[in-house]
Structures are given as structure tokens and as C-alpha cells.
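Each chain, letter by letter, is given below.
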Amino acid sequence: MLPMIQSLHAEDTYSLQRQEMILAIERMVADTRDYTGRASLAPEVMAAMARVPRHEFIPEERRTYAYENRPLPIGSGQTISQPYIVALMTDLAGVNRDSVVLEVGTGSGYQAAVLAELAGQVYTIEIIEELGRNAAKLLQRLGYNNVTVRIGDGYHGWPEQGPFDAILVTAAPEKIPEPLLEQLAPGGRLIIPVGGRYDVQSLQVVEKDRSGRLHTKPVLPVGFVPLTGDH
Ligand code: SAM
């Protein structure tokens, strides 16, 4: 009996902490509106953030911090992104149930889970095998059947599954990878941090219009881990 009571208590605590996280994201969205042009994010994005159990994506020894609005280490020298950034990138992607989405940089699988709450299909690529395998197992256990994980270099995208209505890149290249631009559907959006390891990077939105022309807009200064690989 006792273990069950304890686990119910932990879930209640996480759920309260998740509500606090939502408030923290809302505050930060308001504070950064001069950069992003957004005083609030889409209600469906915030609802998705309120549903996904972020603690499941955090190594056990750091779960106390799971709902703080900050990035956390996930092993292999990598991080799970700050909840505010996950919410903002998801909002910028503007996906719905008809959308096919590519994520480069699966990491813990958290951003993929948030996308899977909103999109039809999510394809996600991770270059570190152990992270990719763990994320795939976790996403399956949590019932995210519309996510497919591949181990590989996401610089090249996933041409067999494209074109994509949205592409989110969660590691920073110095220059936007050409294959990702090619795999963007007309009307699609690429959300990507751009800049070197020691620079302040710029989160950018690249929109491909119906005639295939690209329109790039910087949104916010950010700090992501570098996009690695031998491309
Ligand atoms: N989206 C992740 C999450 O929700 O936990 C956070 C991603 S972490 C900030 C960036 C991830 O990108 C790391 O797991 C890293 O190994 C991965 N990565 C870096 N370069 C990559 C590449 N060329 N292809 C695929 N993944 C890459």
C-alpha cells in the first residue's frame, strides 16, 4: 500500500511543479516580447507543455529540478533545453495534426514529445547513439507512437520522409545546412539556432514561401550546444 501512496504523491508534486513551470514560461515570454514580437504563445502549445511529463526525460538524480525553467544535463555532455525555449520553438514552428515535422538533435526526446502532442508525425535524428536509443525507448513507453527516432547526422536531414512542414534544429551550426532548406515543404518553417561555439547564436526562422523563396528572420539571441558531425 505504502509505495503506491508515495508514487501518487510524487505525481501530484510533479503536476504542481509543471503548473509553476508554465507560469515561469509565460513570464519569460512576456519579458522577451520585444525580441520575439509575442506577448504570449499559442494556447495549444502551452497545453502541450502542461501535459508532457518533463521529469521522465531527466536523469533520476536531477529530477528535483525537472520543472525549473532552465536546461539540465542529460549525460554524454548534452542538455535538455530550457522549457521556455522548447515552448517558443514549438510556437514558431506553427504545427498542427496535418504536419510532418523533423527535429535534429533528439537529446532526451522531450522536444519531440511536445511536438508529437501537436503534429501528425515527428521524425527526429540524434547523433549520439546512446541518447537516441534511450529517447526512442522512453517515447515508446510514454505512448508517443507518432515519433520515429533515427541515429545519425541530422545535418543531412531525412530526405526519405520529407518534405517537412516544420524542421526544428536543437544544436547550433555555423551556417544553415543546405539539405534542411531543400527538405522544407513550400509554406514550411525551419527553426534553427545559428552561430559558432563561442559566439552568441541567433535563433532564426526561415520560411519557404509557396514559390520556393526563402525568408529569414532572427528571433532571439540563444546558447545551444554545437551541431557536431563531419559534414
Ligand atoms: N531536443 C533535445 C531535448 O529535448 O532533450 C535537446 C537537444 S540538445 C540541446 C542537442 C542535441 O543535438 C544533443 O543531444 C546532441 O547530441 C545532438 N546533436 C548535435 N549534433 C547533431 C547532429 N549533427 N545530428 C543529430 N544530432 C545532433
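Relevant structure appears above.
Being a predicted model, the structure only gives us computed values, none of them experimental.

## Here we look at the side chain of Glu 117
Consideration 1: Inspection of the secondary structure puts Glu 117 in the loop between α5 (110-116) and β4 (121-126).
Consideration 2: Take Glu 117: its relative accessible area is 17%, and that puts it in the buried class.
Consideration 3: If near-sequence neighbours (up to four positions away) are discounted, Glu 117 is found in contact with Ala 48, Arg 51, Val 52, Arg 97 and Tyr 144.

## Observations regarding the nonpolar core
Consideration 1: Residues Met 49 and Tyr 110 are the most contacted members of the largest nonpolar core, which totals 52 residues.
Consideration 2: No other element matches helix α4 (residues 83-93), which puts 8 residues into this core.
Consideration 3: Leaving out residues up to four positions away in the same chain, Tyr 110 has contacts with Met 21, Met 49, Val 52, Arg 54, Phe 57, Ile 80 and Val 86.
Consideration 4: Formed by 17 residues, the second largest nonpolar core is a distinct cluster that contains Val 104, Ile 125, Ala 171 and Leu 180.

## A short note on the pattern of salt bridges
Consideration 1: All told, the structure shown has 9 salt bridges when counted by the stated rule.
Consideration 2: The salt bridge partner of Arg 51 is Glu 117, with a shortest N-O separation of 2.6 Å. Of this pair, Arg 51 sits in helix α3 (residues 43-51) while Glu 117 sits in the loop between α5 and β4, and the two are 66 residues apart along the sequence.
Consideration 3: For Arg 51, a relative accessible area of 44% gives the class partly exposed.
Consideration 4: A salt bridge links Glu 61 to Arg 62; its shortest N-O distance comes to 3.9 Å.
Consideration 5: The class for Glu 61 is exposed, based on a relative accessible area of 58%.

## A few points about the side chain of Asp 153
Consideration 1: Counting through the fold element by element, Asp 153 comes out in the loop between β5 (147-151) and β6 (164-169).
Consideration 2: In this structure, Asp 153 is buried with no salt-bridge partner, the nearest side chain bearing the opposite charge being Arg 150 at 10 Å.
Consideration 3: A distance of 2.9 Å separates the side chain of Asp 153 from the backbone nitrogen of Tyr 155, its partner in a polar contact.
Consideration 4: Residue contacts for Asp 153: discarding those within four places in its chain leaves Ile 125, Ile 127, Thr 228, Gly 229, Asp 230 and His 231.

## Quick look at the sheet that holds β4
Consideration 1: One open sheet accounts for 7 strands, arranged β5-β4-β3-β6-β7-β8-β9; its pairing is mixed. Strand pairing shows two members of the sheet lacking a second neighbour, β5 and β9 (214-222), which therefore form its edges. Each adjacent strand pair in this sheet contributes to an overall mean axis angle of 15°, direction not counted.
Consideration 2: Sheet strands touched by α4: β6, β7 (184-194), β8 (201-208) and β9. Its angle to β7, the strand with the most contacts, is close to 155°.
Consideration 3: Here helix α6 (residues 129-141) sits on the sheet and contacts β4 and β5; the angle it forms with β5, its principal contact strand, is near 165°.

Parameters and conventions
Residues numbered from 1 in each chain as written. Predicted model: local features only at pLDDT ≥ 70, side-chain atom pairs only at ≥ 80, totals over all residues. Heavy atoms only, no water. Helix = DSSP H or I, 4+ residues; strand = E, 2+ residues; numbered from the N terminus. Buried < 20%, exposed > 50% of the residue type's maximum accessible area, 1.4 Å probe, protein only. Contact = heavy atoms within 4.5 Å. Core = buried A, V, L, I, M, F, W, Y, C linked by side-chain atoms within 4.5 Å. Salt bridge = Lys/Arg side-chain N within 4 Å of Asp/Glu carboxyl O. Lys, Arg positive; Asp, Glu negative; His and termini not counted. Polar contact = N/O pair within 3.5 Å; in protein donor to acceptor, adjacent residues only side chain to side chain. Pairing = 2+ DSSP bridges. Axes fitted to C-alpha atoms, helices over the stretch in contact; angles between N-to-C directions.

Geometry only, nothing functional implied.
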